[in-house]
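Each chain is listed here by its residues.
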Amino acid sequence: MGEDTDATPTLNHRGFLPDHNYVTEADIISTVEFNHTGELLATGDKGGRVVIFQREPECKIEPFSQGEYNVYSTFQSHEPEFDYLKSLEIEEKINKIRWLPQQNAAHFLLSTNDKTIKLWKVSERDKRPEGYNLKDEEGRIKDLSTVTSLQVPVLMPMDLMVEVSPRRVFANAHTYHVNSISVNSDYQTYMSADDLRINLWHLDITDRSFNIVDIKPTNMEDLTEVITAAEFHPHHCNLFVYSSSKGTLRLCDMREAALCDKHSKLFEEPEDPSARSFFSEIVSSVSDVKFSHSGRYLLTRDYLTAKVWDLNMESKPLETYQVHDYLRSKLCSLYENDCIFDKFECAWNGSDSVIMTGAYNNFFRMFDRNTKRDVTLEASRESSKPRAVLKPRRVCAAGGKRRKDDISVDSLDFTKKILHTAWHPTENIIAIAATNNLYIFQDKLNSEMH
């Protein structure tokens, strides 16, 4: 998956593209998340909708159909609200989706907007009861005088129906905008983080949560940093990490104290004084943090780089990958058009050997940690035919020597940005959100083996 820029990529892909060419704000995808098996993929958008895709079962007639995802269910998760006390509109935009591990035939997922988290149940129904004694076929109550005999109701087959129902609503716990939710490995609790606080919830209790991190200063004029992302450790239910706008990571242990304002470990890279500029603090803000599947490493993304940290080494990152170093000369214009504040996400592959993150011009980057090779690929309508093979792209820095298919940094489209990505938990299948389009890419070699 991590070929260099001269190699032939082995990715097939399928795109879910809207019928119209114009983009409405509500259609823009704001989060993407595979469930724990990878059989389901959920997306949330700025219009408050959640769309769930289901992977098609293996088909012997069409061997290449394995891995294709089709729409399974669509529902409205959040509606726009108004906070009358603060005279503020609360957007319906879905900030994050997190799946709960499957315990029975139904699936459960958490979705959140800026203020309210909801637990949804997704279940299937393919039978309906028939033969009621007190109701007719249309559900109306019968005249009891006409009931002369009793019958046992039976379940009759019907067309498969996917039902989505809200099971819990966790509200009124966040003063600031929720940026992260993370389900704990105990599968009973989860946490939600906003700009200044992190709360711990029990999945069965909606009327109270426990505040486990609070970095709000007594005087808001003393505020120097905000929380940007938070996640639980995949195996140890007492550990979690949160990142800040200052580029730091704090690992906290809930066994030490009820309020985890004092971290167990602080991961911070010392700043090079000679490289300091007006933009240093902005570009060092961490936009996403993810534990590796093994739990040993942390992957973070800031504006220009992706970094891998070892939990046993706090002084500096283990690996640093330049995502789009050619933008360093463009920071002034990126500041003026607010692109410098874009929040890119990052993802691990199933074996923690390759990392992925997005960039501009609908490009996304992959870095192979073992071979140190990297590749830039493009998610675009031009290559949206099923099973089209993606060609590596290369961006030429301003004034640099250009090769035939190179793209000049001056011709990049900064309105086309890949902020949200997800990787299948075990296979080489990735989901890429490009504005209002969802692309699903699959390793060609992997698909030919099926």
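Residue indices follow the written sequence of each chain, beginning from 1 at its first position. In view of the model being predicted, local features appear only for residues whose pLDDT reaches at least 70, and side-chain atom pairs are presented and counted only at 80 or more, with totals across whole chains, interfaces and linings using the full set of residues. As a rule here, side-chain values come from all non-hydrogen atoms in the structure, and water together with hydrogens is ignored.

Looking up the protein in an unreviewed UniProt entry gives the name Serine/threonine-protein phosphatase 2A 55 kDa regulatory subunit B, with the organism given as Cottoperca gobio. UniProt positions are given in the numbering used here, feature names are shortened, and annotations may be inferred rather than shown by experiment. Under the Sequence similarities (unreviewed entry) heading, UniProt states for the protein: "Belongs to the phosphatase 2A regulatory subunit B family." As its UniProt record puts it under Subunit (unreviewed entry), the protein is described as follows: "PP2A consists of a common heterodimeric core enzyme, composed of a 36 kDa catalytic subunit (subunit C) and a 65 kDa constant regulatory subunit (PR65 or subunit A), that associates with a variety of regulatory subunits."

A. Structural view of the confidence of the model for the protein. Of the residues in the protein, 90% have a pLDDT of 70 or more, and the chain-wide mean is 87. The predictor attaches a confidence to each residue, called pLDDT, with possible values from 0 through 100. Contact definition: two residues touch when any of their heavy atoms are within 4.5 Å. Scored below 50 in pLDDT, residues 1–13 shows 62 contacts in the model against residues more than four places distant or in partner chains. The low-confidence segment residues 445–450, where pLDDT is below 50, has 12 contacts with residues more than four positions distant or belonging to other chains.

B. Looking closely at the side chain of Asn 184. Its location among the elements puts Asn 184 in the loop between β12 (180–183) and β13 (189–193). Contacts of Asn 184, omitting those with residues within four sequence positions, involve Thr 189, Tyr 190, Phe 232, Cys 237 and Met 254. Per the convention used, a helix needs a DSSP run of H or I reaching at least four residues, while a strand needs a run of E reaching at least two, with both numbered from the N terminus.

C. Quick look at the sheet that holds strand β11 (residues 154–170). What the four strands build is an open sheet, ordered β8-β9-β10-β11; its pairing is antiparallel. The open sheet has two edge strands, β8 (96–99) and β11, and neither has a second partner. Strand after strand, the sheet turns through a mean of 25° between neighbouring axes, direction not considered. For two strands to pair, DSSP has to find at least two bridges joining them. Fitted lines through C-alpha atoms give the axes, limited to the stretch in contact for helices. The angle between two N-to-C directions lies from 0 to 180 degrees.

D. How the structure looks around the sheet that holds strand β2 (residues 29–34). The four strands lie next to each other as β2-β3-β4-β5, forming an open sheet whose pairing is antiparallel. Each edge of the open sheet is held by one strand with a lone partner, namely β2 and β5 (69–76). Strand-to-strand, the axes of this sheet are offset by a mean angle of 20°, without reference to chain direction. In this structure, strand β4 (residues 49–55) lies alongside β5, joined through seven bridges in antiparallel fashion.

E. Spotlight on a nonpolar patch on the surface. A cluster of nonpolar side chains, contributed by Phe 278, Tyr 335 and Phe 341, occupies part of the molecular surface with about 330 Å² of accessible area. Tracing the backbone shows Phe 341 in the loop between α2 (331–336) and β24 (346–348). Three exposure classes are used, based on accessible area relative to the maximum for each residue type with a 1.4 Å probe and protein chains only: buried under 20%, partly exposed in between, and exposed over 50%. With a relative accessible area of 41%, Phe 341 lands in the partly exposed category. A patch consists of residues whose relative accessible area exceeds 30% and which take part in no salt bridge; residues with like charges are grouped when within 9 Å of each other, and nonpolar side chains (Val, Leu, Ile, Met, Phe, Trp, Tyr) when within 5 Å. Residue-level accessible areas treat just the shown protein chains as cover; the underlying method is Shrake-Rupley with a 1.4 Å probe. For this document, the term salt bridge refers to a Lys or Arg side-chain nitrogen within 4 Å of an Asp or Glu carboxyl oxygen.

F. Expanded view of the pattern of salt bridges. Enumeration over the complete set of coordinates arrives at 25 salt bridges. A salt bridge links Asp 288 to Lys 290; its shortest N-O distance comes to 3.1 Å. Neither residue differs from the other here; Asp 288 and Lys 290 are each classed as buried. Among the ionic pairs, Arg 369 bridges to Glu 319, the shortest N-O distance being 2.9 Å. Within this pair, whereas Arg 369 is found in the loop between β26 (363–368) and β27 (374–378), its partner Glu 319 is found in strand β23 (residues 319–322), the two being separated by 50 residues in sequence. One network of salt bridges, in which partners are shared, links Asp 27, Asp 45 and Arg 49.

G. Seen up close, the environment of Asn 238. Within the element layout of this structure, Asn 238 appears in the loop between β16 (227–232) and β17 (239–244). When the C-alpha positions of Asn 238 and Ser 185 are compared, they lie 9.1 Å apart, and in sequence the two are 53 residues distant. Not counting the four nearest positions on each side in its chain, Asn 238 is found in contact with Cys 252, Asp 253, Met 254 and Arg 255. Pairing of N or O atoms within 3.5 Å defines a polar contact, subject to two protein rules: one partner must be a possible hydrogen donor and the other a possible acceptor, and residues neighboring in sequence count only if both atoms are side-chain atoms. At 2.9 Å, the side chain of Asn 238 forms a polar contact with the side chain of Asp 253.

H. Representation of the side chain of His 420 in the model. Here His 420 shows up in strand β30 (residues 420–423). Note on His 420: relative accessible area 13%, which makes it buried. In this structure the side chain of His 420 is engaged in a polar contact, spanning 2.8 Å, whose partner is the side chain of Glu 345. Not counting residues up to four positions away in its chain, the partners in contact with His 420 are Ile 29, Ser 30, Thr 31, Val 32, Glu 345, Ala 431, Ile 432 and Ala 433.

I. Up close: the nonpolar core. Counting 30 residues, the largest nonpolar core has Tyr 303, Leu 327, Leu 334, Ile 355 and Leu 412 as the members making the most contacts within it. Residue assignment for this core shows that the elements contributing at least two residues are β21 (297–301), β22 (305–310), α2, β24 and β26. Ignoring sequence-local partners within four residues, the contact set of Ile 355 consists of Leu 299, Ala 306, Val 308, Tyr 321, Ala 347, Trp 348, Arg 365, Met 366, Phe 367, Arg 369 and Trp 423. Formed by 16 residues, the second largest nonpolar core is a distinct cluster that contains Ala 347, Met 356, Trp 423 and Phe 441. Buried Ala, Val, Leu, Ile, Met, Phe, Trp, Tyr and Cys residues that are joined via side-chain atoms within 4.5 Å together make up what is termed a nonpolar core.

J. Focus on the packing of aromatic side chains. For Phe, Tyr and Trp, where Trp contributes only its six-membered ring, two rings pair if their centres lie within 6.5 Å, and the inter-plane angle classes them as stacked under 30 degrees, edge-to-face over 60, or tilted in between. Evaluation of the coordinates by the stated rule reveals 19 aromatic pairs. On the basis of an interplanar angle of 70° and a centroid distance of 5.0 Å, the ring pair of Tyr 360 and Phe 414 is categorised as edge-to-face. With Tyr 360 in the loop between β25 (354–358) and β26 and Phe 414 in the loop between β29 (407–408) and β30, this pair connects stretches of sequence that are 54 residues apart. A residue is classified by how much of its surface remains accessible, and Tyr 360, at 2% relative accessible area, is buried. Taken together through their ring pairs, the aromatic side chains of Phe 278, Phe 279, Tyr 335 and Phe 341 make up a single cluster. Should the NZ of a Lys or the CZ of an Arg lie within 6 Å of a ring centre and within 35 degrees of the ring normal, that charge is described as sitting over the ring. Seen from the ring of Tyr 297, Arg 369 lies directly overhead, with NZ or CZ sitting 4.8 Å from the centre.

K. Main features of unusual backbone geometry. The residue Asn 361 is not glycine, and still its phi comes out positive at about 65°. Mapped onto the secondary structure, Asn 361 falls in the loop between β25 and β26. Even without being glycine, Asn 362 reaches a positive phi, approximately 60°. Note on placement: Asn 362 falls in the loop between β25 and β26. For Asn 362, a relative accessible area of 9% translates into the label buried.

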